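For reference, the chains in residue letters:
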Amino acid sequence: MTVLRPDGAETPEPVPEEPKRRWNTPELRRKVLIGAVLIWAVAITALVAVRGGGDGETPAAATPAPAPSASDAPLTVAEVYQALTPSVVLIQTTGHDSQNRLEAGTGTGVIANADGTILTANHVVDGAETIRLVYADGTRSTAEIASADPSQDIATLTPRQLPETLVPAVLGGGTAVGDDVVAIGNPLGLTFSTSSGVVSGLEREMNGERGGEKIEGLIQFDAAVNPGNSGGPLINDQGQVVGIVIALANPSGAGTFIGIGFAVPIGAALGGGEGDGQSPPL
């Protein structure tokens, strides 16, 4: 086909087309990726600064905190039992009566010194021909009477053999009416039993064993005790032995507990004052 044009007109030069911008080039993709990384880094930095208080400082590393000091809070009965039972011993005795008949007895003692000396009630071992000890860990030993004070119904024993781990009780402290107390002993042969109660009275007195002189200044308490508890510790709520159990009161003479027990204050048992919470030499 022939294209007609006006005379004298020249064929115009073709206008070059503007090159189209290409968005999917490697260079452009690299720039977009770098920008995204920068934006992500700025966002993370801002988040850390906000959570750290906004001051931009690195939080200090945590340092170990000191352990709390020992509490002066009263111990529970279970805690007293756990702490004092290793210091308690079962005492078994044999002897002969006036008709030469073999007799056996059971009582309790408490380890009162680092040398193994045992504190108990005098009537538990008085007249005994043999004295045998059983410690809380099962160790067995014979023992001899080291000293006796019938006026206070208190005696000390020297064991022939000590347990592998010797745990003397802490002795000391006064008492007041209403104070919580715990008794540990071997009532009726039921070894290492515990009971709890309160101090019911102070400065009580009772007749000594076998019609002896009156024993004065006794602690009255209502923690259950029975034959076999004699010589065992009466313990306060700080785990201190405040007395040595020596008797119970029963008007019927049956020898069973009806709510009144007696203990020699630890100071009197040691021949001194109230004690200071330590284990003094005996």
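Bear in mind the structure is a predicted one, so any value in this text is a computation, not a measurement.

### Observations regarding the overall build of the protein chain
Thought 1: A count of helical and extended segments in the protein chain gives four helices and 13 strands.
Thought 2: When each of the 282 residues of the protein chain is scored for burial, the buried share is 33%.
Thought 3: In the protein chain, the share of contacts with a sequence separation of at least 24, taken over all contacts with a separation of at least 6, comes to 59%.
Thought 4: Here the protein chain displays about 17500 Å² of accessible surface, and carbon together with sulfur accounts for 55% of that area.

### Quick look at the sheet that holds strand E2 (residues 102–111)
Thought 1: Judged by pairing direction, the barrel is antiparallel, and its six strands sit side by side in the order E1-E2-E3-E6-E5-E4 before closing back on the first. Here the strands of the sheet are splayed against their neighbours by 40 degrees on average, with no regard to which way each runs.
Thought 2: Two elements, strand E3 (residues 118–121) and strand E6 (residues 154–159), share four bridges in a ladder whose sense is antiparallel. Looking at the pairing, Leu-119 lines up with Thr-156 of E6.

### Focus on the pairing of strand E13 (residues 261–265)
Thought 1: Within E13, four of the five residues are buried, which leaves the element mostly enclosed by the surrounding structure.
Thought 2: Relative to E13, strand E12 (residues 240–248) runs antiparallel, the two sharing five bridges. Note that in E13 the partner of Ile-244 across the bridge is Val-264.

### Some thoughts on the confidence of the model for the protein chain
Thought 1: Overall, the predicted model of the protein chain reaches an average pLDDT of 80, with 70% of residues at or above 70.
Thought 2: In the model, residues 1–9 has pLDDT below 50 throughout and makes one contact with residues more than four positions away in sequence or in other chains.
Thought 3: Counting interchain partners and residues more than four positions distant, the pLDDT-below-50 stretch residues 273–282 has 33 contacts.

### Digging into the pattern of salt bridges
Thought 1: Enumeration according to the criterion identifies two salt bridges in this entry.
Thought 2: Here Glu-144 ties to Arg-160 by a salt bridge, and the two come within 3.3 Å at their closest N and O atoms. Remark: Arg-160 occurs in the loop between E6 and strand E7 (170–171) and Glu-144 occurs in strand E5 (residues 140–149); sequence separation between them is 16 residues.
Thought 3: Taking the shortest distance from any N to any O, the salt bridge between Lys-214 and Glu-205 comes out at 3.2 Å.

### Quick word on the environment of Thr-85
Thought 1: Residue placement: Thr-85 occurs in the loop between helix H2 (77–84) and strand E1 (88–96).
Thought 2: For Thr-85 and Ala-136, which are 51 residues apart along the polypeptide, the C-alpha to C-alpha distance reads 6.7 Å.
Thought 3: Apart from residues lying up to four places away in sequence, Thr-85 is in contact with Ala-136, Ile-184 and Phe-192.

### Thoughts on the nonpolar core
Thought 1: Grouped together as the largest cluster of nonpolar side chains are 36 residues, with contacts concentrated most on Ile-91, Leu-119, Leu-133, Leu-157, Val-241 and Ile-244.
Thought 2: With four residues, the top contributor of residues to this core is E12.
Thought 3: Discounting chain neighbours no more than four positions away, the residues touching Val-241 are Leu-84, Ala-169, Val-170, Leu-171, Gly-172, Pro-233, Leu-234, Ile-235 and Ile-266.
Thought 4: In this structure, Val-181, Ile-219, Phe-221 and Ala-263 belong to the second largest nonpolar core, which totals twelve residues.

### Some details on unusual backbone geometry
Thought 1: Residue Asp-153 is not a glycine yet carries a positive backbone phi of 55 degrees.
Thought 2: With respect to the element layout, Asp-153 can be found in the loop between E5 and E6.
Thought 3: Even without a glycine there, the phi angle at Phe-192 is positive, about 50 degrees.
Thought 4: For Phe-192, the position within the fold is in the loop between strand E8 (180–185) and strand E9 (193–207).

### Concerning the pairing of strand E4 (residues 130–135)
Thought 1: Bridge analysis of E1 against E4 gives six bridges, and the strand direction is antiparallel. Each residue of the ladder has a partner; that of Ile-91, found in E4, is Leu-133.
Thought 2: Hairpin connection of E4 to E5: four residues between the antiparallel strands, including Gly-138 at a positive phi of 95 degrees.

### Concerning the environment of Thr-194
Thought 1: As for its position among the elements, Thr-194 is in strand E9.
Thought 2: For Thr-194, a relative accessible area of 36% corresponds to the partly exposed category.
Thought 3: Considered as a pair, Thr-194 and Val-77 are 117 residues apart in the sequence and their alpha carbons are 8.5 Å apart.
Thought 4: If sequence neighbours within four positions are ignored, Thr-194 has contacts with Val-77, Tyr-81, Val-182, Ala-183 and Ile-184.
Thought 5: Within the structure, the side chain of Thr-194 is placed 3.3 Å from the backbone oxygen of Ala-183, a separation counted as a polar contact.

### Focus: the environment of Gln-161
Thought 1: In this structure, Gln-161 sits in the loop between E6 and E7.
Thought 2: Sequence separation between Gln-161 and Thr-139 is 22 residues; the distance between their C-alpha atoms is 8.4 Å.
Thought 3: Residues contacting Gln-161, with those up to four places away along its chain left out, are Tyr-135, Thr-139, Arg-140 and Ser-141.

Cut-offs applied
- Along each chain, residues carry numbers from 1 onward, in the same order as the chain's sequence is written.
- For a predicted model such as this one, the threshold for reporting local features is a pLDDT of at least 70, and the threshold for listing and counting side-chain atom pairs is 80 or more; totals across whole chains, interfaces and linings nevertheless cover every residue.
- Each side-chain value is derived from all of the structure's non-hydrogen atoms; neither hydrogens nor water enter the calculation.
- Put simply, DSSP H or I for four residues or longer makes a helix, DSSP E for two residues or longer makes a strand, and each gets a number counted from the N terminus.
- Think of it in three bands: with a 1.4 Å probe and only protein chains considered, a residue is buried below 20% of the maximum accessible area for its type, exposed above 50%, and partly exposed in between.
- Whether two residues are in contact is decided by their heavy atoms, any of which lying within 4.5 Å being enough.
- Exposure was quantified through the Shrake-Rupley algorithm and a 1.4 Å probe, taking into account, for residues, occlusion by the shown protein chains and nothing else.
- A pair of strands is considered paired only if DSSP assigns at least 2 bridges between the two.
- Here an axis means a line fitted to C-alpha atoms, over the contact stretch when the element is a helix, while the angle between two N-to-C directions is reported on a 0 to 180 degree scale.
- Values of pLDDT, the confidence the predictor places in each residue, fall between 0 and 100.
- Just to be clear on terms, a salt bridge is a Lys or Arg side-chain nitrogen sitting within 4 Å of an Asp or Glu carboxyl oxygen.
- Residues belong to a common nonpolar core when they are buried Ala, Val, Leu, Ile, Met, Phe, Trp, Tyr or Cys residues joined through side-chain atoms within 4.5 Å.
- Counting of polar contacts relies on pairs of N or O atoms within 3.5 Å, with two restrictions inside protein: one atom must be capable of donating a hydrogen and the other of accepting it, and residues adjacent in sequence are counted only when both atoms are side-chain atoms.

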